[in-house]
Amino acid sequence: MKKPFKRILYGGDYNPNQWPREIWQEDMRMFRNAHINSATINVFSWAKIQPSEETYDFEELDDIVEMLEQEECDIVMGTSTAALPAWMVKRYPEVARTDYEGRHHKFGHRHNACPNSLVYQKYAAALTEQLARRYGKTGKVACWHINNEYGGECYCENCEKAFRVWLKKKYKTIEALNEAWNMEFWGHTVYDWDEIVLPNALGEGIGTDKTAFAGISIDYRRFNSDSILENFKMERDIIRKYDPETPITTNLMGTYPGLDYFKWAKEMDIVSWDNYPSYNTPWSQTAMCHDLMRGLKDQPFMLMEQTPSQQNWQPYNSLKKPGQMRAQSYQTVAHGADTIQFFQLRRSVGACEKFHGAVIAHAGTENTRVFREVTALGAELERLGETVIGSMPDAKIGVIFDWDNYWALEYTSGPNCDLKYVDQIHQYYSSLYRGNYPVDMIPVDADFSRYKVILAPVLYMVKEGMAEALEKFVAGGGILLTTFMSGIVGQSDNVHLGGYPGPLREMAGVWVEEIDALAPEQSNTIRFADGTDASCRLLCDLMHLEGAQALAEYTSNFYAGMPAVTRNAYGKGAVYYVGANLDQAALDKVLGQLLTEAGVGSNVEESTELEVTVRQSKTQKITFIINFKAQDLPLPAQFAGKTDLLTGQTLDTQTMLAPYDVVIVAENR
Ligand code: GLA
Ligand code: ZN
């Protein structure tokens, strides 16, 4: 058991090393006023703490640590290995990355180290050792934050060699590899491991996001995720030698495609992530990301970064409106966060992030809207801490999210270039979100028996053992929903022969003979058995019933009359199969029927446009009610008579929530 946080960490990235010391005391005074109780330091300071190959200099970092300690500020300690110092790249050019186009990079930017460079590893390890030895036993660190937003790819010769080693371990023989990648196609058979090259623009890549051989490209993604994970594990293990109990994390990025986060989370003590929605990101999408981050370890997570006001790197960096940062923070807590941290505490003076929002603006005073809002939230979270820390939702619906599937689905050449994994998952999530159903985002190897319903939209890649696990779930009484583009390939992207949806065919009770692709301006119509008409787009399965019952049929195109949505009783449960990308109303209708059949309840009795989310502790049920709509909305009647934890006031049937208003109700269980 790792040391849990004793309070909601409230703070964020703090770079006093970028500022003259006179400002530090001013920072401390302002943090105190804003109820900031934590600071994330040393995230990008490699060049400062190791000015040359032979020398380390911790004088300034020691002072920063001491200052924060005096303030009783919990320290989140970065390891600074996410941006290479100039001296290293100059002396050892191999530490830099080679990009997709095959260009080897010079010094510059960040997230720029080749994960397979032994030189990088050596210096990252040495630096971590220094930090861990110095601060690991002091008890001054509340959490270790390794590197920063791991990601990206490297296609250098070191990586190529490492890839071959990784492949050899996986496939054992070159014949097995040729078969897995279907290398007879275009006569790409390789006879020696050394003939294998990385699948970038100089190899199998087509443009920047497609590939001639998905088998090799998916394996490269797995390999790259593993290579970078090895870097994380290396630093983690060094820290553990000196510090047995402080949690170790690295900040993830929601549905970021580059790394298999379910695999990563197994190596992390606690998940942390950076939430940067853009001005038009639906709130349901942010909620889905939070649920995914909680799902990675099935534990509360840390919000490592969010901006208090605006970003700098989006095309349009709108301000958060009054109350929006607070509402967004409560949404984060509602979905499982035990910390609220900002990027950043003081706005930087130069370089590309000088327009990135911060708790302390360039004006340098407390007299700003943002500072006042941060302060007010800090005071509230201070009071809320004990009630929520460690609590979790109790969801009976699991939505499968799988990075292998993500990669494979988006690498496919055809049938439709507009098919995007996250978008498909989000359509289903969003329907559940609007109904305020608690949802867990789960991996393909989750314990399905915890759930009544499993949604597996576009489960294109069905790897070994998955169909059996799903069959067992349904046979035992579970309700499974899957869709078009499911059950098509195995782990190497070769098709499950014998008709789609391959290994899901029997339990779904349908055979998909063909898949039609629709351009954005095209759509088809469908009709439900009760006469309701709806539309669908993107992809349309032409399918035959093999025991399933049609819930809706196409009413247009040459396949009018064929089933579009089906339900098949299987064992004690049922499989719903959605053969086309349904419009929102149709999707809601199918899910509505499914949830009724499964007997799964919502977080709120009446239908409401408010977001209503629940976390449960051993003794309490904590309900977060948030208005993300532009108009005032009435509090659902079931909460009348309860006390709002934030204001201490008794809620009544007249209570209205203005836009961005939040109400939190705690009830004994
Ligand atoms: C990321 C990084 C931070 C900072 C922010 C800006 O999340 O981790 O260092 O660059 O973006 O939004
Ligand atoms: Zn490399």
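Since the model is a prediction, treat every value here as computed from it, not as a measurement.

## So, the overall build of the protein chain
Then, in step 1: When helices and strands are tallied, the protein chain shows 17 helices and 27 strands.
Then, in step 2: Whereas a compact globule of 669 residues would reach a radius of gyration of roughly 26 Å, the protein chain reaches 26 Å, a difference of no more than 12%.
Then, in step 3: Expressed as a percentage of its 669 residues, the buried residues of the protein chain come to 60%.
Then, in step 4: Within the protein chain, residue pairs in contact and separated by at least 24 positions form 72% of the contacts whose partners lie at least 6 positions apart.
Then, in step 5: When the accessible area of the protein chain is evaluated, it comes to approximately 26,800 Å², of which 51% is carbon and sulfur surface.
Then, in step 6: Mean positive and mean negative side-chain charge positions of the protein chain (64 and 88 charges, respectively) differ by 5 Å.

## Remarks on the site of ligand 1
Then, in step 1: As a structural note, the neighbourhood of ligand 1 is formed by Phe 44, Arg 110, Asn 148, Glu 149, Asn 251, Asp 274, Tyr 276, Glu 305, Trp 313, Phe 343, Glu 353 and His 356.
Then, in step 2: The separation between an oxygen atom of ligand 1 and a polar side-chain atom of Tyr 276 is 3.5 Å.
Then, in step 3: Glu 353 places a side-chain nitrogen or oxygen 2.2 Å from an oxygen atom of ligand 1.
Then, in step 4: Burial of ligand 1 by the surrounding chains reaches 97%, relative to a free accessible area of 310 Å².
Then, in step 5: Residues of the shell around ligand 1, tallied by class, amount to four nonpolar, three polar and five charged.

## Some details on the coordination of the zinc ion (ligand 2)
Then, in step 1: Coordination sphere of the zinc ion (ligand 2), protein contribution only: Cys 114 (SG), Cys 154 (SG), Cys 156 (SG) and Cys 159 (SG), at 2.3 Å.
Then, in step 2: Its four donor atoms give the zinc ion (ligand 2) angles of 102 to 118 degrees at the centre, a pattern that matches the tetrahedral case.
Then, in step 3: Taken in sequence order, the residues that donate to the zinc ion (ligand 2) follow the motif C-x39-C-x1-C-x2-C. One exposure class covers both Cys 154 and Cys 159, and it is buried.

## As for empty space enclosed by the protein
A probe matching the size of a water molecule, rolled over the atoms, marks out where space remains unfilled.
Then, in step 1: Under the defined criterion, the tally for this structure stands at five cavities of 30 Å³ or more.
Then, in step 2: Put simply, the largest cavity is a space of about 150 Å³.
Then, in step 3: Taken together, 18 residues line the largest cavity, and the ones lying closest to its centre are His 335, Tyr 437, Pro 438, Asn 603 and Thr 613.
Then, in step 4: When contributions to the lining of the largest cavity are tallied by element, the ones reaching two or more residues are α10 (283–297), α14 (421–434), β13 (439–442) and β23 (611–616).
Then, in step 5: Considering each element in turn, the lining of the largest cavity owes the most residues, four residues, to β23.
Then, in step 6: Split by residue class, the lining of the largest cavity holds ten nonpolar, four polar and four charged.
Then, in step 7: In this model, the second largest cavity occupies a volume close to 110 Å³.
Then, in step 8: Taken together, 14 residues make up the lining of the second largest cavity; nearest its centre are Arg 97, Ala 113, Tyr 120, Asn 147 and Tyr 150.

## Here we look at the packing of aromatic side chains
Then, in step 1: For the coordinates displayed, the defined rule picks out 36 aromatic pairs.
Then, in step 2: Aromatic side chains Phe 163 and Trp 166 sit 6.3 Å apart centroid to centroid with 25 degrees between the ring planes, which places their arrangement in the stacked category. With Phe 163 and Trp 166 both in helix α6 (residues 157–171) and three residues apart, the pair spans about one turn of that helix. Here the two residues Phe 163 and Trp 166 agree in accessibility, since each one is buried.
Then, in step 3: Ring plane angle 35 degrees and centroid distance 6.4 Å describe the contact between Tyr 256 and Tyr 261, whose orientation is recorded as tilted.
Then, in step 4: A relative accessible area of 0% means that Tyr 261 is categorised as buried.
Then, in step 5: Every member of this aromatic cluster is reached through a ring pair, and the members are Tyr 100, Tyr 155, Phe 163, Trp 166, Tyr 171, Trp 181, Tyr 220 and Phe 223.

## Describing the layout of surface pockets
Then, in step 1: Reported here for the largest pocket is a volume of approximately 710 Å³.
Then, in step 2: Of the residues forming the lining of the largest pocket, the biggest block, three residues, is contributed by helix α2 (residues 46–49).
Then, in step 3: Its residues assigned to classes, the lining of the largest pocket shows 14 nonpolar, eight polar and four charged.
Then, in step 4: Estimates place the volume of the second largest pocket at around 500 Å³.
Then, in step 5: Considered class by class, the residues forming the lining of the second largest pocket number 17 nonpolar, eight polar and one charged.
Then, in step 6: Residue-level mapping places the lining of the second largest pocket at the junction of two domains, with at least three residues from each of domain 2 (157–216) and domain 3 (397–598).

## Some thoughts on the pairing of strand β14 (residues 453–456)
On a regular strand, one side chain projects to one face of the sheet and the next to the other, so that they alternate.
Then, in step 1: Covered by surrounding structure in β14 are Val 453 and Leu 455 together with Ile 454 and Ala 456, the residues of both alternating faces.
Then, in step 2: Note: strand β12 (residues 397–400) against β14, three bridges, orientation parallel. By the bridge assignment for β14, Ile 397 is matched with Val 453.
Then, in step 3: Once the chain exits β14 it traverses helix α15 (residues 466–475) before rejoining the sheet at strand β15 (residues 479–483), and the crossover so formed is right-handed.

## Observations concerning α15
Then, in step 1: Those residues of α15 lying buried are Met 466, Ala 467, Leu 470, Phe 473 and Val 474. Taken down its axis, α15 places every buried residue within 125 degrees of arc, on the same side.
Then, in step 2: At its buried positions, α15 is contacted by β12, β14, β15, α16 (505–508), β20 (563–570) and β21 (573–578).
Then, in step 3: Just past α15, the residue Gly 477 takes up positive phi, approximately 115 degrees.

## Brief notes about the domain arrangement of the protein chain
Then, in step 1: If you check the domain split of the protein chain, you get domain 1 (1–7 + 271–387), domain 2 (157–216), domain 3 (397–598) and domain 4 (611–668).
Then, in step 2: Of note, the centres of domain 1 and domain 4, computed from C-alpha atoms alone, are 21 Å apart.
Then, in step 3: At the junction of the two partners, domain 1 supplies 21 residues and domain 4 supplies 14 residues.
Then, in step 4: Summing the contributions of domain 1 and of domain 4, the shared interface buries around 1,500 Å²; its carbon and sulfur component is 64%.
Then, in step 5: By the criterion of area lost to domain 4, the three top residues of domain 1 are Trp 283, Ala 334 and Thr 387, representing 33% of everything that side buries.
Then, in step 6: Between Arg 615 and Asp 338 there is a salt bridge; the shortest N-O distance is 2.7 Å.
Then, in step 7: Inspection of the region where domain 1 meets domain 4 yields seven residue pairs in polar contact (both at pLDDT 80 or more).
Then, in step 8: Breaking the side of domain 1 that touches domain 4 down by element, the ones donating at least two residues are α11 (324–334), β11 (337–342) and α12 (369–388).

## A look at the nonpolar core
Then, in step 1: Residues Tyr 14, Ile 41, Phe 401 and Leu 455 are the most contacted members of the largest nonpolar core, which totals 156 residues.
Then, in step 2: Residues Tyr 451, Val 474, Leu 480 and Met 543 belong to the second largest nonpolar core, which totals 26 residues.

## Digging into the sheet that holds strand β10 (residues 301–305)
Then, in step 1: Spatially, nine strands are ordered β7-β4-β3-β2-β1-β11-β10-β9-β8 in an open sheet, and the strand pairing comes out parallel. Each edge of the sheet is formed by a strand with only one pairing partner; in this case those strands are β7 (248–249) and β8 (251–252).
Then, in step 2: For strand β1 (residues 9–13) and strand β2 (residues 38–41), the ladder comprises three bridges, and the chain directions are parallel. Directly across from Asp 13, in β2, lies its bridge partner Thr 40.
Then, in step 3: The sheet contacts of α12 involve β1 and β11, and relative to β1 the element is tilted by about 130 degrees.

## A look at the environment of His 105
Then, in step 1: Here His 105 lies in the loop between α4 (86–91) and α5 (118–135).
Then, in step 2: On the accessibility criterion, His 105 (41% relative accessible area) is partly exposed.
Then, in step 3: Separated by 427 residues in the primary sequence, His 105 and Thr 532 have C-alpha atoms spaced 58 Å apart.
Then, in step 4: His 105 has contacts with Ala 96, Arg 97 and Asp 99, leaving out every residue within four places of it along the chain.
Then, in step 5: Here Asp 99 takes part through its side chain, which lies 2.9 Å from a polar atom of the side chain of His 105.

Criteria and thresholds
Residues numbered from 1 in each chain as written. Chains lettered and ligands numbered in written order. Predicted model: local features only at pLDDT ≥ 70, side-chain atom pairs only at ≥ 80, totals over all residues. Heavy atoms only, no water. Helix = DSSP H or I, 4+ residues; strand = E, 2+ residues; numbered from the N terminus. Rg over C-alpha atoms; globule rule 2.2 N^0.38 Å. Buried < 20%, exposed > 50% of the residue type's maximum accessible area, 1.4 Å probe, protein only. Contact = heavy atoms within 4.5 Å. Areas by Shrake-Rupley, 256 points an atom, 1.4 Å probe, with all protein chains shown as cover. Lys, Arg positive; Asp, Glu negative; His and termini not counted. Charge placed at Lys NZ, Arg CZ, Asp CG, Glu CD. Near = heavy atom within 4 Å. Polar contact = N/O pair within 3.5 Å; in protein donor to acceptor, adjacent residues only side chain to side chain. Nonpolar A, V, L, I, M, F, W, Y, C, P; charged D, E, K, R; others polar. Donors = N, O, S within 2.8 Å, 3.2 Å for Na, K, Ca; no water. Tetrahedral: all angles 85-135°; square planar, octahedral: opposite > 155°, others 65-115°. 1 Å grid on protein atoms, 1.4 Å probe; cavity = no way out; pocket = protein on both sides within 12 Å on 5 of 7 lines; lining within 4 Å. Points joined across faces, edges and corners; volume = space filled by probe spheres on them. Phe/Tyr/Trp six-rings, centres within 6.5 Å; stacked < 30°, edge-to-face > 60°. Domains from an automatic or database assignment. Pairing = 2+ DSSP bridges. Right-handed = clockwise from strand over helix to strand, strands pointing away. Arc of directions from axis to C-beta. Buried area = accessible area lost by both parts, 1.4 Å probe. Salt bridge = Lys/Arg side-chain N within 4 Å of Asp/Glu carboxyl O. Core = buried A, V, L, I, M, F, W, Y, C linked by side-chain atoms within 4.5 Å. Axes fitted to C-alpha atoms, helices over the stretch in contact; angles between N-to-C directions.

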